[in-house]
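Listed here are the chains, written in short residue letters.
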Amino acid sequence: MKGKVIIAVEFVIIVVLLIVLSTQFVSFKTIRPVVREPAAISESEVSYTPPPPPRIDLETVKKARALRAEFSPKIDKITDEIYLARGFSLGNSIMVITEEGLVIIDTTGNAQVAEKILSEFRKITDKPIRYIIYTHGHPDHIYGAPVFMAEGVQVIATRAAVEFMKRQDQWLGAYHLRSRTIQAGRAAPEFATKTVFSSPFPPWQNKQMIWPTITFEDEYVFELGGKRFELYHAMGETPGHLMVWMPGERALFPGDLYYASFPNLSTPMLESRPVKEWYESLDRMVALNPDYVIPGHTRALSGREEAVDVLSHHSQAIRYVYDETLKAINAGKTLDEAAHTITLPERLAKRWHLQELYGRVDWSVRGIYRKETGWYDGHGTGLNPLPPGHRAREMVQLAGGADKILIRAIALQKAGEHQLVCELTDMVITANPNDRTARIIKANSLEYLGYQSGNLNMFGFYRSAASLERQAADIKP
Ligand SMILES: [Zn+2]
């Protein structure tokens, strides 16, 4: 007992000594970084005459025409028993006929469209629908389901797809809706300029979710009317993606793991996608040697030669971008350096099926880079950045006021340097969100960037951004 007391007293003495010694070197006060709030800046007073509305170049017109052809409603007969409804909406819907009823693969994005498709399918057969398969949980594939539902219809998806649908509809429902509205070019529509392009993106309102009744982890096989359906969990465009393989027909249904464009490996406002798994899934498809490939968007591939050729080049392109991004990360390149320097090799870039109409290589690099690394770049400044308004007000003052920056922005706009216009006007807007002139100048440059984009998603993003700037300035076009 006595010994224990002595040890305790010794321990206290040592601790006190250590504290006394350490205070020579260490301050126990919490040190807060100095954050000085720069003075508010006054509103700009420059006069601004907006440029003429952007013209569409011939190349974009050609691309838009090709896209419109992809998006005009059509039922493609693939075989006597497989029919593809495409162009009715963003997503395709597929009907497979068997002796004992129908299997519907994907349902498009809303009930009105699904009704049109079902009435077309009903011209071909009056057999009952027995199964609905969701290749994945994206809205353009699932929200038409109520139209195809009836007593006893089974709805199949992977378990991971159900998780994804919960995230999309419940946990992050408001954000997903907002990001998709922005991507579709539909934000603040009353402030949007008129456009010759009609968006193939349907609005995602009034959605009724039909939840899957059969879910599985890795694979699910069923037979109906003598036909065998093999469903395999195949990650890529979403973590919960599946592919359907009909071995008897040698028909493959890849969902969105293939469509005729460079794929959207990273959708700019949403979660990162499993890119490595995407090309691995494509390699599994190539190994099946399909005679038909009937995808979630755009037309079907037919003939084994075309199917294998196109799928394997998709795989190569994805793998190339993934590997190059990892190389850039390992070599210490920044995200922007990687995004500005990685491009597809000529032999892949020139292929019709890999045009950057929907996905983009640089966006993919950004998505992969972000998925594979953390948010801090290691250079110190980014560890505890100032509130953006502080930095912007300091910079605007340093430049000699908002007018100076906007005069330069107007000159750059005339010279066609629209990205730099956006970056300069952003500085003024961040310093003073009430600066309406800065917002209008920016909106016009965004409009130009959209028209020059040649990419469906990029056009939508710029269109929404321009509308939102006009809305914030309360100026209709
Ligand atoms: Zn889709």
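Residues numbered from 1 in each chain as written. Predicted model: local features only at pLDDT ≥ 70, side-chain atom pairs only at ≥ 80, totals over all residues.

### Some points on the overall build of the chain
- Summing up its helical and strand segments, the chain has 17 helices and 13 strands in all.
- C-alpha extents for the chain along the principal axes are approximately 85 × 85 × 45 Å.
- Split into buried and exposed, the 477 residues of the chain put 41% on the buried side.
- The contacts in the chain between residues at least 6 apart in sequence include a share of 69% that link residues at least 24 apart. (Helix = DSSP H or I, 4+ residues; strand = E, 2+ residues; numbered from the N terminus. Buried ≥ 20, exposed ≤ 12 C-beta atoms within 10 Å, placed from the backbone. Contact = placed C-beta atoms within 7 Å.)

### Let's talk about the sheet that holds strand β3 (residues 93-98)
- Strand order in the open sheet formed by seven strands is β1-β2-β3-β4-β5-β6-β7, and the pairing between neighbours is mixed. The two strands at the open ends of the sheet, each matched to only one other strand, are β1 (74-79) and β7 (214-216). Averaged over all neighbouring strand pairs, the angle between strand axes comes to 20°, with direction disregarded.
- Here strand β4 (residues 101-107) runs beside strand β5 (residues 129-133); their pairing, made up of four bridges, is parallel. Within the sheet, the bridge partner assigned to Val103 lies in β5 and is Tyr131.
- Of the strands in this sheet, β1, β2 (82-86), β3 and β4 are in contact with helix α3 (residues 111-124), which crosses β2 at around 150°.
- Sheet contacts for helix α6 (residues 159-171): β6 (154-158) and β7; angle to β6, the most-contacted strand, approximately 90°. (Pairing = 2+ DSSP bridges. Axes fitted to C-alpha atoms, helices over the stretch in contact; angles between N-to-C directions.)

### Describing the packing of helix α9 (residues 304-330) against helix α12 (residues 361-372)
- Axis separation between α9 and α12 bottoms out at 9 Å; the angle between their running directions is 55°. Here α9 is positioned oblique relative to α12, judged by the angle of their axes. You can see that α9 and α12 cross each other, and the crossing is right-handed. Counted together, Val321, Tyr322, Thr325, Leu326 and Ile329 of α9 and Val361, Ser364, Val365, Ile368, Tyr369 and Glu372 of α12 form the full contact between these two elements. (Parallel < 35°, antiparallel > 145°, perpendicular 65-115°, else oblique. Left-handed = near helix turned anticlockwise from the far one by under 90°.)

### Quick word on the sheet that holds strand β11 (residues 251-255)
- Taken in spatial order, the six strands of this open sheet run β8-β9-β10-β11-β12-β13, and their pairing is mixed. The open sheet is flanked by β8 (219-224) and β13 (301-302), the only strands paired with a single partner.
- Here strand β9 (residues 227-233) pairs with strand β10 (residues 242-246) via four bridges, running antiparallel. Counted as the bridge partner of Glu230 is Trp245 from β10.

### Quick look at the pairing of β6
- The buried fraction of β6 is high, at four of five residues.
- Pairing of β5 with β6 involves three bridges; the strand directions are parallel. What sits directly across from Ile133, in β6, is Ile156.

### Quick look at the nonpolar core
- Within the largest apolar cluster, 75 residues are counted, with the highest numbers of intra-cluster contacts made by Ile94, Ile133, Met243, Val244, Val293 and Ile294.
- Apart from residues lying up to four places away in sequence, Ile94 is in contact with Ile82, Tyr83, Leu84, Ile105, Asp106, Phe253 and Ile294.
- The next biggest cluster of nonpolar side chains, apart from the first, holds 34 residues, and it includes Tyr358, Ala392, Leu412 and Tyr462. (Core = buried A, V, L, I, M, F, W, Y, C linked by C-beta atoms within 7 Å.)

### As for the domain arrangement of the chain
- Taken domain by domain, the chain comprises domain 1 (36-70 + 387-477) and domain 2 (72-334).
- Put simply, the middle of domain 1 and the middle of domain 2, counted by C-alpha atoms, are 35 Å apart.
- Counting from both sides, the interface comprises 19 residues of domain 1 and, opposite them, 21 residues of domain 2.
- Ranked by residue count, the leading element in the side of domain 1 that touches domain 2 is helix α17 (residues 456-473), at 10 residues.
- Along the lines of polarity and charge, the residues of the side of domain 1 that touches domain 2 split into eight nonpolar, five polar and six charged. (Domains from an automatic or database assignment. Nonpolar A, V, L, I, M, F, W, Y, C, P; charged D, E, K, R; others polar.)

### Notes on unusual backbone geometry
- Even without being glycine, Ala188 reaches a positive phi, approximately 45°.
- Not every positive phi belongs to a glycine, and Thr298 is a case in point at roughly 60°.
- Position of Thr298 relative to the elements: it lies in the loop between β12 (292-295) and β13.
- When the 20 C-beta atoms within 10 Å are taken as the criterion, Thr298 is described as buried.

### Regarding the pairing of β4
- Most of β4 is tucked away: six of the seven residues are buried.
- Taken together, the six bridges between β3 and β4 define a ladder with antiparallel strand orientation. Its bridge partner lying in β4, Ile97 is registered against Leu102.
- Remark: two residues form the turn of the hairpin made by β3 and β4, two consecutive strands paired antiparallel.

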